[in-house]
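# Report on the structure
Each chain, letter by letter, is given below.
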Amino acid sequence: MSDSSLCPCNSGLLYKECCQPLHQHTHVAEDAEKLMRSRYSAYHLGLVDYLLETLHPSKRHPGEREALQESISQTDWLGLKIIDHKEANNLAEVEFVAFYDDEPLGQLRERSRFTREAGRWFYHDGLFLPPLKLGRNEVCFCGSGRKFKQCHGS
Ligand SMILES: [Zn+2]
Ligand SMILES: [Zn+2]
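Everything in this summary refers to the structure shown in the same document.

Rules and cut-offs
Residues numbered from 1 in each chain as written. Chains lettered and ligands numbered in written order. Predicted model: local features only at pLDDT ≥ 70, side-chain atom pairs only at ≥ 80, totals over all residues. Heavy atoms only, no water. Helix = DSSP H or I, 4+ residues; strand = E, 2+ residues; numbered from the N terminus. Rg over C-alpha atoms; globule rule 2.2 N^0.38 Å. Donors = N, O, S within 2.8 Å, 3.2 Å for Na, K, Ca; no water. Tetrahedral: all angles 85-135°; square planar, octahedral: opposite > 155°, others 65-115°. Buried < 20%, exposed > 50% of the residue type's maximum accessible area, 1.4 Å probe, protein only. Expected span 1.5 Å × (residues − 1). Contact = heavy atoms within 4.5 Å. Pairing = 2+ DSSP bridges. Axes fitted to C-alpha atoms, helices over the stretch in contact; angles between N-to-C directions. Polar contact = N/O pair within 3.5 Å; in protein donor to acceptor, adjacent residues only side chain to side chain.

## A look at the overall build of the protein chain
A count of helical and extended segments in the protein chain gives four helices and four strands. Secondary structure elements of the protein chain occur, N-terminal to C-terminal, as α-α-α-α-β-β-β-β. Its C-alpha atoms give the protein chain a radius of gyration of 15 Å, near enough to 15 Å, the size a compact globule of 154 residues would have. By its C-alpha atoms, the protein chain is 45 × 35 × 35 Å across when sized along the principal axes.

Written out as structure tokens, the structure is:
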């Protein structure tokens, strides 16, 4: 990632102003959506340590690192779309769709659960949901600025 690279999480911000300070531990995620975004970017960039650190300790099973590494090496992530974010009393749910390269286009749509402990957000688990219907004229999820039908929907 160069200094002028856009963040993989599709925030529209530069990586150095978005997920990089979280990946480098100079900032903590201020809300669960930011943590979710930084975890997506970590998948994109192959930052296994970051994914393990932000997974709740009760969810770190033996073999977790290998499973993450395998998932990262097998998936080419294309973009992220946050659908919903609810937060109260150090509990949060974030619904998102992460798109990946496949034929037809791959979608991981999930409602994820997070908790905040001692000021830090952790991912717990998620519920898979059916894929999102994408409008052909909507702006493509990948951040290209083009219509879906002229980009990844073509
Ligand atoms: Zn980001
Ligand atoms: Zn696209």
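## Description of the coordination of the zinc ion (ligand 1)
Taken together, C7 (SG), C9 (SG), C18 (SG) and C19 (SG) make up the protein donors of the zinc ion (ligand 1), found 2.2 to 2.4 Å from the metal. Viewed at the metal, the four donor atoms of the zinc ion (ligand 1) are separated by angles of 102 to 117°, and the geometry they form is tetrahedral. Each donor residue of the zinc ion (ligand 1) belongs to the same chain, with the gaps between them written as C-x1-C-x8-C-C. Overall, C18 belongs to the buried group, its relative accessible area being 15%.

## Observations concerning helix 2 (residues 32–45)
Counted at 1.5 Å a residue, the expected span for helix 2 with its 14 residues is 20 Å, and the 20 Å between its end C-alpha atoms agrees. Residues of helix 2 that are buried include every one of A32, L35, M36, R37, S38, R39, Y40, S41 and A42, and no others. Turning to helix 2, the residues buried within the fold contact helix 1 (20–23), helix 3 (48–53), strand 1 (77–88), strand 2 (91–100), strand 3 (106–117) and strand 4 (120–129). Following helix 2 by one or two positions, G46 has its phi on the positive side, about 75°.

## Re the sheet that holds strand 3
The strand order across the open sheet built from four strands is 1-2-3-4, with neighbouring strands paired in antiparallel fashion. The two strands at the open ends of the sheet, each matched to only one other strand, are strand 1 and strand 4. Averaged over neighbouring strand pairs, the angle between their axes works out to 25° when direction is ignored. Here strand 2 pairs with strand 3 via 10 bridges, running antiparallel. For E93, the partnering residue across the bridge sits in strand 3 and is R113. Helix 2 rests against strand 1, strand 2, strand 3 and strand 4 of the sheet, and its axis sits at about 160° to strand 1.

## Some points on the coordination of the zinc ion (ligand 2)
Protein coordination at the zinc ion (ligand 2) comes from C140 (SG), C142 (SG), C151 (SG) and H152 (ND1), with a distance range of 2.1 to 2.3 Å. Around the zinc ion (ligand 2) sit four donor atoms; with metal-centred angles ranging over 105 to 113°, the donor geometry is tetrahedral. Between consecutive donors of the zinc ion (ligand 2), the numbers of intervening residues give the motif C-x1-C-x8-C-H. We classify H152 as partly exposed; its relative accessible area is 33%.

## As for the side chain of S5
Within the element layout of this structure, S5 appears in the segment before helix 1. Using a relative accessible area of 17% as the deciding quantity, one classes S5 as buried. For S5, the side chain forms a polar contact with the main-chain nitrogen of S2, separated by 2.9 Å. Once you skip the residues sitting within four places of it in the chain, S5 turns out to touch L14 and Y15.

These results come straight from atomic positions and should not be treated as a statement about function.
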